Amino acid sequence: MVDNKEQPKSSLSGLKVKPVYTPDDLVNMDFARDLGHPGEYPFTRGPYPDMYLGRLWTRRQIAGFGTAQATNERYRFLLDHGQNGISTDFDHPTLTGYDSDHELAEGEVGRLGVAIDSVRDMDELFLDIPLDEVSVSLTINHPAIVLLSMFLSVSEKRGVDWSRLRGTVQNDSLKEFHGQKTFALGPGPSLKLTTDIVEFCTQHVPNWYTISISGYHIRESGSDAVQELAFTIAQGMAYVESALERGLPVDSFSPRLSFFFGCHNDVFEEVAKYRAARRMWARIMKDRYKASRPESMRLRFHTQTLGSTLMRQDPQNNIARGTLQALAAVLGGTQSLHVSGYDEAFDIPSEEAMRMSLATQLILSHESGVTSTVDPLAGSYFIESMTNDMEEAAWDYINRLEAMGSGQFPMKTGMLSAIDTGYIELEIARAAYEYQLRIESGEQVIVGLNQYQSESNQKLELFEFDPEEEEWQKGRLAETRGGRSAADVKSTLSSLKQAARDNKNLMPPVLEAVGALATEGEILDTMREVYGEYVDPGVF
Amino acid sequence: MTAQSANIKVLLAKLGLDGHDRGVKVIARAMRDAGMEVVYMGMRVTPDQVAQTALQEDVDVVGISILSGAHMRLMPRLTKALKDRSISEDVLLMVGGTIPEDDVEPLHAMGIQGVFPVGSFTTAMTDFIIENVSQGRSAPRV
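Small disclaimer: the values here were computed from a predicted structure and weren't measured. (Residues numbered from 1 in each chain as written. Chains lettered and ligands numbered in written order. Predicted model: local features only at pLDDT ≥ 70, side-chain atom pairs only at ≥ 80, totals over all residues.)

Visitor: Quick one: what's the story with the overall build of chain A, residue by residue and with numbers?
Guide: A count of helices and strands for chain A gives 21 helices and 11 strands. In terms of overall dimensions, chain A is globule-like: its C-alpha atoms have a radius of gyration of 23 Å, near the 24 Å expected for 540 residues. Each principal axis of the C-alpha atoms in chain A carries an extent, and together these give about 75 × 60 × 45 Å. Counting across all 540 residues of chain A, residues that qualify as buried make up 53%. Summarising the internal contacts of chain A: among those between residues at least 6 apart in sequence, 75% fall at separations of at least 24. (Helix = DSSP H or I, 4+ residues; strand = E, 2+ residues; numbered from the N terminus. Rg over C-alpha atoms; globule rule 2.2 N^0.38 Å. Buried ≥ 20, exposed ≤ 12 C-beta atoms within 10 Å, placed from the backbone. Contact = placed C-beta atoms within 7 Å.)

Visitor: Before we move on, could you go through the interface of chain A and chain B and cite the residues and values that matter?
Guide: Opposite the 35 residues of chain A that make contact, chain B presents 28 residues. Among the elements of the structure, helix 4 (92-96) and helix 17 (423-441) of chain A are those that each provide at least two residues to the side of chain A that touches chain B. Broken down by class, the residue content of the side of chain A that touches chain B amounts to 16 nonpolar, 10 polar and nine charged. (Nonpolar A, V, L, I, M, F, W, Y, C, P; charged D, E, K, R; others polar.)

Visitor: Now, about the nonpolar core: what can you tell me, with residues and values included?
Guide: In terms of nonpolar packing, the biggest core is built from 181 residues, with Ile 197 and Val 510 of chain A together with Val 61 of chain B touching the most fellow members. At 12 residues, the largest contribution of residues to this core is made by helix 9 (residues 225-245) of chain A. Residue contacts for Val 61 of chain B: discarding those within four places in its chain leaves Ile 8, Val 10, Leu 11, Val 91, Leu 92, Met 94, Ile 129 and Val 133 of chain B. (Core = buried A, V, L, I, M, F, W, Y, C linked by C-beta atoms within 7 Å.)

Visitor: Tell me about helix 13 (residues 317-331) of chain A, residues and numbers included.
Guide: For an α-helix the count is 3.6 residues per turn, leaving residues at separations of three or four pointing the same way. All names here are of chain A. The end-to-end C-alpha distance of helix 13, which contains 15 residues, comes to 22 Å, matching closely the 21 Å that a straight helix rising 1.5 Å per residue would cover. Every buried residue of helix 13 is accounted for by Asn 318, Arg 321, Gly 322, Gln 325, Ala 326, Ala 328, Ala 329, Val 330 and Leu 331. In the stretch just after helix 13, Gly 333 is the one whose phi turns positive, near 85 degrees. (Expected span 1.5 Å × (residues − 1).)

Visitor: Tell me about helix 17 of chain A, residues and numbers included.
Guide: Compared with the 27 Å implied by 1.5 Å per residue over 19 residues, the 27 Å span of helix 17 of chain A between its first and last C-alpha is a close match. Restricting attention to buried positions, one finds in helix 17 of chain A the residues Ile 424, Glu 425, Glu 427, Ile 428, Ala 429, Ala 431, Ala 432, Tyr 433 and Gln 436 of chain A.

Visitor: Run through the sheet that holds strand 3 (residues 61-66) of chain B, naming residues and quoting values.
Guide: Residue and element names in this part refer to chain B. Strand order in the open sheet formed by five strands is 2-1-3-4-5, with parallel pairing between adjacent strands. At either end of the open sheet lies a strand with only one pairing partner, and these are strand 2 (37-40) and strand 5 (114-117). On average, each strand axis in the sheet is inclined to that of its neighbour by 20 degrees, with strand direction left out of account. Sheet topology note: the strand 3/strand 4 (residues 92-97) ladder contains six bridges and is parallel. If you follow Ser 65 over to strand 4, its bridge partner there is Gly 96. (Pairing = 2+ DSSP bridges. Axes fitted to C-alpha atoms, helices over the stretch in contact; angles between N-to-C directions.)

Visitor: I'd like a rundown of the sheet that holds strand 11 (residues 336-338) of chain A, residues and numbers included.
Guide: Residue and element names in this part refer to chain A. One open sheet accounts for five strands, arranged 3-11-10-9-8; its pairing is parallel. At either margin of the open sheet sits one strand with a lone partner, and together these are strand 3 (58-59) and strand 8 (211-214). Pairing between strand 3 and strand 11: two bridges, direction parallel. Opposite Thr 58, over in strand 11, you have Ser 336 as the bridge partner. Lying on the sheet, helix 9 is in contact with strand 8 and strand 9 (257-263); it crosses strand 8 at an angle near 145 degrees.

Pasting the structure below:
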């Protein structure tokens, strides 16, 4: 048995944790300088003065499976059960820029997300959902330019002015090389497309969030909390530098950048991570990139509780894990939240599991009392020490990444170089392996897995996937191809190719191609012809 | 490095477009640390590419990681591709990932000897390999 007397203790990510904290731990801290008030620089205590007293976080459960029609039904179910934002999960073929009839897509069409091949599917996905009222998050990265164009095209068709759209496109291309791994193009070209979206939206879709800078997938890939924080902030810096290099003024685009973090089981470490992230970003934007608008400095984020913490053994225990993680996210000041389904170690979540996740959020909102005051843990000797330690450890990584770069934009070049050499992926793989070894040795207790195993073998009602939907989707794709003007498709794709060769912003030609019913795969193939295809280096 | 695992060669790969590669990389390290020779093909490979590489590299074990739910579609294609090259008897075939309980027996029946759902320990896999790789492989490779 593991007892509780081992010394010294450390957090899940290996930061030292003392038995007792006192004012002596904060002697170097200046409260005005390092904390300030909520809603004020450096935003450690939160982006808004009133936080949840002004508005609760957005309950945004991600969903997507099968066809656009099936997913549209789930969206309406969630909206009816207390959800107030939509987050779209696309299937792997869509995420990687292949059509549903591609050889590699077999068995994955609509399997882990919704299948979208053309603007017709996007229209169907948001049937009867008012696009100017519900904020929509498109969880897509390298093909983001295509899916965003489809969304804008649908909005235009419905007469919704682009300035009234308040959604998000994930568009975090760099993390695809070490987290999530749904890349389509290489690091350089995909960063160019990310920046195209930032530039286009800054001019034409002013209230859209152009990048959701994501640590969540890095954490799911096995990183620890320090790496999640460091690599996410570093990615954000690379995007800022890429936009500055494009000639955009820092205060024109920075207010529309948002963040996305995971949440693990170590409650205080997670709270410290979120608070450190806000302070770091504020200082980076102000001191390094000379932003002057507070909106450019305040970090806002979405949280998803981590699927990789969910166990097959005693799956209902996962409800407790999700609750703890959601609590940490709220204590850390998240702006929106997804609680992962307790059955996700088996398959994508059932409707029942999603109802439970929403209920978890509602109980936190209305029964726990944690929303009654802003940043309730501020001033805790422990939390403030942990926030400082987290920040310091993250800066070690960021400084290392910067040293890998050069020139006027060393974080941009440093990140590209760290991706090329596999540095980030290997650091994460090392952390994932060490964590697994701690579980296997019993040093890290996971209830029901390596300790306190239960005899109960309760059967869950899992999500039922309909394998017919793949064939149906392929049929619909064939119908789309048959009912469009081949000449229009050809000419728009050829304009796109020329624009890519001329290094122009690709949003306008992609909008044209989408309007001509060119498919996602055809558009990405055109880009792959110009930029080449990225192949997984397979490092471990 | 243990004596039994010193000469075992393992081929690991991910089939399809599935991007969840945390597990397969953890397993690759565990097998390497157990003294096995590991060839990791990376993601987005086809069953034919796996079978062809298994043949060319003369591996003892083929381990496939699938967390997309497509295992019942893709694994039969792999067993066929191995049979087409007459090497299905020579390799120990394993699969891991988000595999529901109900799929375990059908996968065994397809000729996949090792099925390891998420949460399986790496030691369970390395032990399984050491126990099952045929004795003929214990001679040093030349």
